[in-house]
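# Topology and contacts: notes
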Amino acid sequence: MSVPGPGEPGSGLDTAGESEADLGAAGAPETDPDMAGAPEADLGAVLTALSDPTRRLLLERLAAAGRASATELAEGLPVSRQAVLKHLKVLGEAGLVTSGRAGRAVLFEVRPGPLDACARHLAELASTWDRRLHNLKRRAEAVPTPPPPKESRQP
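Counting starts from 1 at the beginning of each chain's written sequence and moves along it residue by residue. Reporting of local features is limited, given that this is a predicted model, to residues whose pLDDT is at least 70; pairs of side-chain atoms are given and counted only at 80 or more, and all residues count toward the totals for whole chains, interfaces and linings. Hydrogens and water molecules were not included; the side-chain quantities draw on all heavy atoms of the structure.

## Observations concerning the pairing of strand 3 (residues 105–110)
Rules: The pairing criterion is simple: DSSP has to find at least two bridges between the two strands. The way it works is that DSSP assigns letters per residue, a run of H or I at least four long becomes a helix, a run of E at least two long becomes a strand, and they are numbered from the N terminus.
With three bridges joining them, strand 1 (residues 67–69) and strand 3 adopt antiparallel strand pairing. Residue pairing for strand 3: Ser69 is matched across the bridge by Leu107. Once strand 2 (residues 97–102) ends, the chain turns through two residues before running back antiparallel as strand 3, passing Gly103 with a positive phi of about 70°.

## Here we look at the pattern of salt bridges
Applicable threshold: By definition, a salt bridge exists where a carboxyl oxygen of Asp or Glu is found within 4 Å of a side-chain nitrogen of Lys or Arg. Throughout, exposure labels follow a simple rule: accessible area from a 1.4 Å probe, protein chains only, divided by the maximum for the residue type, with under 20% read as buried, over 50% as exposed, and the rest as partly exposed.
Throughout the structure, instances matching the rule amount to two salt bridges. Note that Glu109 and Arg67 form a salt bridge whose closest N and O atoms lie 3.9 Å from each other. Pair noted here: Glu109 is in strand 3 and Arg67 is in strand 1, with a separation of 42 residues, a long-range link. We classify Arg67 as partly exposed; its relative accessible area is 41%. Two residues, Lys137 and Glu141, come together in a salt bridge whose shortest N-O distance is 4.0 Å. One end of the pair, Lys137, and the other, Glu141, are both in helix 5 (residues 112–142), four residues apart, so they sit about a helical turn from each other. In terms of burial, Lys137 and Glu141 fall into one category: exposed.

Listed below in structure tokens is the structure:
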């Protein structure tokens, strides 16, 4: 069984049949802010999106700005506006960024939910490993050490 890729039928990112006006500048359908009960993005997609330093920088800039256009986010970066749009698309597919129109401009903003869910998962994972390591240390320290061998004296 193969997993559909982004934009393929069944991927949840189907854009077929949508006009260019229905798509955000990042190429993904605009998200409905009223979908508060929608499931969070896949943890793997979030971690993959955050693996790129440029995407992390864009996310930081966007979080600081609140809302910004791709042109504003591209200022001062060593990448083109088109590259910024591609990075924003990946962040959008991971559920980390949403876009909306304000007149002619498309503005992007951070969606903190998937990042919070990822942070909670990593904190739980760290806590689990801390407990395991603590138990291992306790067991290792509880094992009695054998006495040193007696020295034999030769006449």
